[in-house]
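Breakdown of the fold
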Amino acid sequence: MDTRIWPEAETLRVGDGTVGVVLSHGFTGSVMSVAPWAHAIADRCDARVVAPRLAGHGTSWQDLATTHWSDWYADVEAAWRELTESCDTIFVGGLSMGGALALRLAQEHPVAGVLLVNPAIASRNRLLPFSGVLRHVIKSQPGVVSDIRKEGVEELGYDRLSVAAAWSMTRLWKQVRANLSRVRAPIILFRSDVDHVVDDSSHEALLRALPSTEVVPLHDSYHVATLDNDAELIFERSAHFIGQA
């Protein structure tokens, strides 16, 4: 098993200033998917941004299979702790499962705001509830990276996903959904009209529990919207959200 970290998947630290932002990539993805978002926020908000590589990512899906959702959360929490040493105000954001990790951080620690791009906290996939059993029989399934509408753009991630890791992700979702009322910070939600990875159950669960969430529809992007046609809209509205909070 190759555990060398892809250069584009290494933890990204960019920018300076007293405003800090933690940005998390998604399940089976990599820092590459949120890097343009990180750079845009750093440039436009005079912010210090940390986008951590989540444990088991950026190497191999077999490596991911040895990790648990608490390992991924620990990486996001460590980025938050790092920023508390130099920043007066800290925001947290995430793409896909990274959105679940961002919400978990907001449940556990003080943040000034939460930025979510097509967050995953639930699914209507009928097989997922059985992944706890299936992981002992089926080790992997086809991956879910590069759901991007823009031609010629690909996300760096795994072409297969670990069933054991997917089961652990559902445990994270359960924790997040059960504690949504603990999120006190304002939230901005960027939601693609067409998303082939995350269905509307996540969107619905979030808005049901936190109806004051600001929703920004993305009409020209699929799941990995931070690399898609609506990326500039995400960057612009993210900077405005951080500036106004």
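Computed from a predicted structure; not experimentally measured.

1. Focus: the environment of I148
Along the polypeptide, I148 turns up in the loop between β6 (140-142) and β7 (160-162). On the accessibility criterion, I148 (11% relative accessible area) is buried. In the structure, I148 is positioned 80 residues away from D228 in sequence and 5.9 Å away in space, judged by C-alpha atoms. If sequence neighbours within four positions are ignored, I148 has contacts with V153, E154, E155, Y222, V224, L227 and D228.

2. So, the pattern of salt bridges
Opposite charge on two side chains makes pairing possible when the charged atoms of those side chains draw close. On inspection of all chains with the given rule, the structure shows ten salt bridges. Here R48 ties to D16 by a salt bridge, and the two come within 2.5 Å at their closest N and O atoms. One end of the pair, R48, is in strand β3 (residues 47-51); the other, D16, is in the loop between β1 (12-15) and β2 (19-24), and 32 residues separate them in sequence. R48 sits in the partly exposed class, given a relative accessible area of 26%. Overall, D16 belongs to the partly exposed group, its relative accessible area being 48%. With a closest N to O distance of 2.9 Å, D200 and R191 form a salt bridge. Given a relative accessible area of 39%, D200 falls into the partly exposed group. Several salt bridges share partner residues, and in doing so they unite R104, E108 and R182 into one network.

3. Some points on the packing of helix α4 (residues 97-108) against helix α6 (residues 163-178)
To describe two helices that pack against each other, one gives the angle between their axes and the distance between the axes. Axis separation between α4 and α6 bottoms out at 10 Å; the angle between their running directions is 40°. Here α4 is positioned oblique relative to α6, judged by the angle of their axes. Crossing of α4 against α6: the hand is left-handed. For the pair formed by α4 and α6, the contact residues are M97, A100, L101, L103, R104 and Q107 on the first element and M169, L172, W173, Q175 and V176 on the second. Across the contact of α4 with α6, the residue classes break down as eight nonpolar, two polar and one charged.

4. Some remarks on the packing of helix α3 (residues 69-84) against α4
Between α3 and α4, whose axes approach to 10 Å, the crossing angle comes to 60°. Regarding α3 and α4, the two cross each other, and that crossing is right-handed. Judged by residue contacts, W69, W72, Y73, V76, E77 and W80 of α3 engage M97, L101, R104, L105 and E108 from α4. When the residues that make up the contact of α3 with α4 are grouped by side-chain class, the tally is eight nonpolar, no polar and three charged.

5. Looking at the sheet that holds strand β8 (residues 187-192)
Spatially, seven strands are ordered β1-β3-β2-β4-β5-β8-β9 in an open sheet, and the strand pairing comes out mixed. Only two strands of the sheet have a single partner each, and these edge strands are β1 and β9 (214-218). On average, each strand axis in the sheet is tilted by 15° relative to the strand beside it, whichever way the strands run. Pairing of β2 with β3, which is carried by four bridges, proceeds in the parallel orientation.

6. Details of the pairing of strand β4 (residues 89-95)
Within β4, six of the seven residues are buried, which leaves it mostly tucked inside the rest of the structure. When β2 meets β4, the two strands line up parallel, connected through six bridges. By the bridge assignment, G20 is partnered in β4 with I90. Across five bridges, the pairing between β4 and strand β5 (residues 113-117) is parallel.

7. Brief notes about the side chain of R104
Tracing the backbone shows R104 in helix α4. Beyond its immediate stretch of four places on either side in the chain, R104 contacts W69, Y73, Q175, V176 and N179.

8. Brief notes about the packing of aromatic side chains
Within this structure, the stated rule accounts for three aromatic pairs. On the numbers, 5.5 Å between centres and 80° between planes, the contact of W6 with Y158 is edge-to-face. You can see W6 sitting in the segment before β1 and its partner Y158 sitting in the loop between β6 and β7, a full 152 residues away along the chain. Of the residues examined, Y158 reaches a relative accessible area of 4% and is grouped as buried. With a centroid separation of 6.3 Å and 65° between ring planes, the pair formed by F91 and F241 is classed as edge-to-face. Taken together, the residues span a long stretch of sequence, with F91 in strand β4 and F241 in helix α8 (residues 231-244) at a distance of 150 residues.

What counts, and where the lines are drawn
Residues numbered from 1 in each chain as written. Predicted model: local features only at pLDDT ≥ 70, side-chain atom pairs only at ≥ 80, totals over all residues. Heavy atoms only, no water. Helix = DSSP H or I, 4+ residues; strand = E, 2+ residues; numbered from the N terminus. Buried < 20%, exposed > 50% of the residue type's maximum accessible area, 1.4 Å probe, protein only. Contact = heavy atoms within 4.5 Å. Salt bridge = Lys/Arg side-chain N within 4 Å of Asp/Glu carboxyl O. Axes fitted to C-alpha atoms, helices over the stretch in contact; angles between N-to-C directions. Parallel < 35°, antiparallel > 145°, perpendicular 65-115°, else oblique. Left-handed = near helix turned anticlockwise from the far one by under 90°. Nonpolar A, V, L, I, M, F, W, Y, C, P; charged D, E, K, R; others polar. Pairing = 2+ DSSP bridges. Phe/Tyr/Trp six-rings, centres within 6.5 Å; stacked < 30°, edge-to-face > 60°.

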